[in-house]
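Spelled out, the chains give:
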Amino acid sequence: MNTSTSPSQPGAERTDGPSVRIGALVPLTRPGWVEAGRHLLAGLELAVRDVNDTGGIGGRPLELVVRDTAADPERATAAVDELAGAGVAALAGEYHSVVARAAATRADALGLPFLCSSAVLDALTEQPTERIARLAPPQSRGWQVYADFLLGAGHRRIAVAAQSSIYWAAGTRILRDRLAPRGATLVELDMNALTPAAVCDALVDEGATALLLLVGLPDPAAPIVRSVRRDPRLARVTIGAPAGQPEFAEWAAALGADGAAVPFLRYLPERLGPLGTRVGAALREHLDAAPSFVAFEGYDTITVLAEVLRSHGTDRAGTAASWPLVAVEGTRGKIRFSRTPGINVWQWTSAPVQVVDRDPAEPDRFRILHTG
């Protein structure tokens with residue numbers, strides 16, 4: 001899917017001249033997580049409208065050039081080539097970590113600045129780079145917070161049902177490294193070999209008190225949840241999904257009441273400030289649903305890029321050099337980038353991290369269980 005948006009609203013401040021173009025990478029078709037992509041795009045597009053309503057970039061309209069990655073690294077790489085050739089000033093977006101990694105690697109090679117909205121894989125690039133920055137917390141930080149939550153809840157024998165993926169393998173390693181020194185054991189269940197019923201038997205055999213889903217939605221996540229919920233031997237087992245699947249309506253639609261009380265990571269503050277409240281209301285109206293943290297990440301991405309382009313010009317090298325100078329009020333707090341040990345890109349280090357779940361008594365309401 002190829003789309004381009006540079007909307008203006010009645011009464012908006014006039015923008016003239018050739019547009020300043022930003023390439024946006026978004027999963028909009030399967031096997032990508034389409035709902036996450038829709039939320040990400042909604043945030044990106046709303047921010048573009050707001051930028052253009054306040055004069056654009058030095059009087060020039062901001063234009064979003066959207067490419068669907070469909071969770072395919074090769075497709076994303078081709079899109080980066082195309083967008084670079086089309087003269088975009090910078091890249092934005094992407095949700096899937098493995099796809100974002102491929103896009104970041106190619107953008108870096110082409111000298112194209114990329115502000116990654118939502119992917120968390122620590123190794124977003126193999127080598128240190130000045131051109132790539134990221135808003136989402138690195139996986140090592142978020143999943144350590146999740147491990148601390150498990151420990152605080154008294155879990156000492158934890159199983160992970162995992163599919164094969166660089167992302168899932170990295171998450172498993174982070175959890176084990178955080179849990180083991182504190183006396184907890186992590187048991188791996190290979191979902192390439194086990195059925196949901198076999199997962200239930202393994203949980204009983206291992207004496208696990210928590211099962212973490214490191215798998216795709218709806219399959220095999222939904223069948224696993226239903227099997228565990230219906231097994232009387234596992235009535236006290238906590239099901240968790242650190243990657244955030246229960247954030248989205250697709251989870252609730254697939255699982256109903258079975259999908260409640262499944263803790264997951266969410267990157268929102270406990271309370272939104274005035275900007276976040278205003279943006280949240282606009283996103284809700286646009287999506288006809290509560291906006292996820294991914295929608296806020298999309299909005300913040302364009303807000304940062306617009307400030308960089310206004311302050312430092314639209315030259316790619318100038319944008320890449322500006323990351324350490326950023327100080328922008330986003331929907332979820334003040335955004336600044338710095339170097340973090342072990343992370344090869346410019347990183348927003350104070351992004352909020354929560355562990356939340358859906359309230360069993362009211363599944364559309366989220367409960368904050370832990371912050372980090």
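Note that the coordinates shown come from a computational prediction; the quantities given were computed from them, not determined experimentally.

Here we look at the pairing of strand β3 (residues 62-68)
- Most of β3 sits inside the fold, with 7 of its 7 residues counted as buried.
- Side chains of β3 alternate between two faces, with Leu62, Leu64, Val66 and Asp68 and Glu63, Val65 and Arg67 buried alike.
- In this sheet, β3 lies alongside strand β2 (residues 20-26) in parallel orientation, the contact comprising 7 bridges. In the strand pairing of β3, Val20 is matched with Leu62.
- The β-α-β motif built from β2, the intervening helix α1 (residues 34-53) and the parallel element β3 has right-handed crossover chirality.

Digging into the layout of surface pockets
- Estimates place the volume of the largest pocket at around 690 Å³.
- Lining the largest pocket are 30 residues, and of these Trp33, Tyr95, His96, Tyr167 and Trp168 sit closest to its centre.
- Going through the elements one at a time, α3 (97-110) and α5 (166-179) are the ones with two or more residues in the lining of the largest pocket.
- Ranked by residue count, the leading element in the lining of the largest pocket is α3, at 3 residues.
- By residue class, the composition of the lining of the largest pocket is 19 nonpolar, 10 polar and 1 charged.
- Within this model, the second largest pocket holds a volume of roughly 570 Å³.
- The wall of the second largest pocket is formed by 26 residues, among which Arg266, Arg284, Ala290, Pro291 and Phe366 lie closest to the centre.

Some details on the sheet that holds strand β8 (residues 185-190)
- One open sheet holds the 4 strands; their spatial order is β8-β7-β9-β10, and the pairing between them is parallel. Where the open sheet ends on each side, the last strands, each with one partner, are β8 and β10 (238-240). For this sheet, the mean inter-axis angle between neighbouring strands, taken without regard to orientation, is 25°.
- Two strands pair when backbone bridges link them, and strand β7 (residues 157-162) and β8 are joined in this way by 6 bridges, in the parallel orientation. Within β8, the residue paired with Arg157 across the bridge is Thr185.
- Its contacts with the sheet put α5 on β7, β8 and β9 (210-214), and the angle it makes with β8 is roughly 160°.
- Relative to the sheet, helix α6 (residues 196-206) contacts β7, β8 and β9, its axis offset from that of β8 by approximately 155°.

Regarding the environment of Ser292
- Among the secondary structure elements, Ser292 is positioned in the loop between α9 (274-287) and α10 (293-312).
- Looking at Ser292, the relative accessible area reads 2%, which means it is buried.
- Residue contacts for Ser292: discarding those within four places in its chain leaves His39, Glu247 and Phe248.

What about the pattern of salt bridges?
- Enumeration according to the criterion identifies 21 salt bridges in this entry.
- One salt bridge in this structure joins Asp68 and Arg75, with 3.4 Å as the shortest N-O distance.
- Given the relative accessible area of 3%, Asp68 is considered buried.
- On the accessibility criterion, Arg75 (35% relative accessible area) is partly exposed.
- Arg339 serves as the salt-bridge partner of Glu130, at 2.8 Å between the closest nitrogen and oxygen. A residue pair is termed long-range when its members are at least 10 positions apart, and Glu130 in the loop between β5 (114-116) and β6 (132-134) and Arg339 in the loop between β14 (337-338) and β15 (346-348) qualify at 209 residues.
- The network of salt bridges with common partners includes Asp201, Asp231 and Arg233.

Reading the values: the criteria
Residues numbered from 1 in each chain as written. Predicted model: local features only at pLDDT ≥ 70, side-chain atom pairs only at ≥ 80, totals over all residues. Heavy atoms only, no water. Buried < 20%, exposed > 50% of the residue type's maximum accessible area, 1.4 Å probe, protein only. Helix = DSSP H or I, 4+ residues; strand = E, 2+ residues; numbered from the N terminus. Pairing = 2+ DSSP bridges. Right-handed = clockwise from strand over helix to strand, strands pointing away. 1 Å grid on protein atoms, 1.4 Å probe; cavity = no way out; pocket = protein on both sides within 12 Å on 5 of 7 lines; lining within 4 Å. Points joined across faces, edges and corners; volume = space filled by probe spheres on them. Nonpolar A, V, L, I, M, F, W, Y, C, P; charged D, E, K, R; others polar. Axes fitted to C-alpha atoms, helices over the stretch in contact; angles between N-to-C directions. Contact = heavy atoms within 4.5 Å. Salt bridge = Lys/Arg side-chain N within 4 Å of Asp/Glu carboxyl O.

Purely spatial values, then, with no claim about function.
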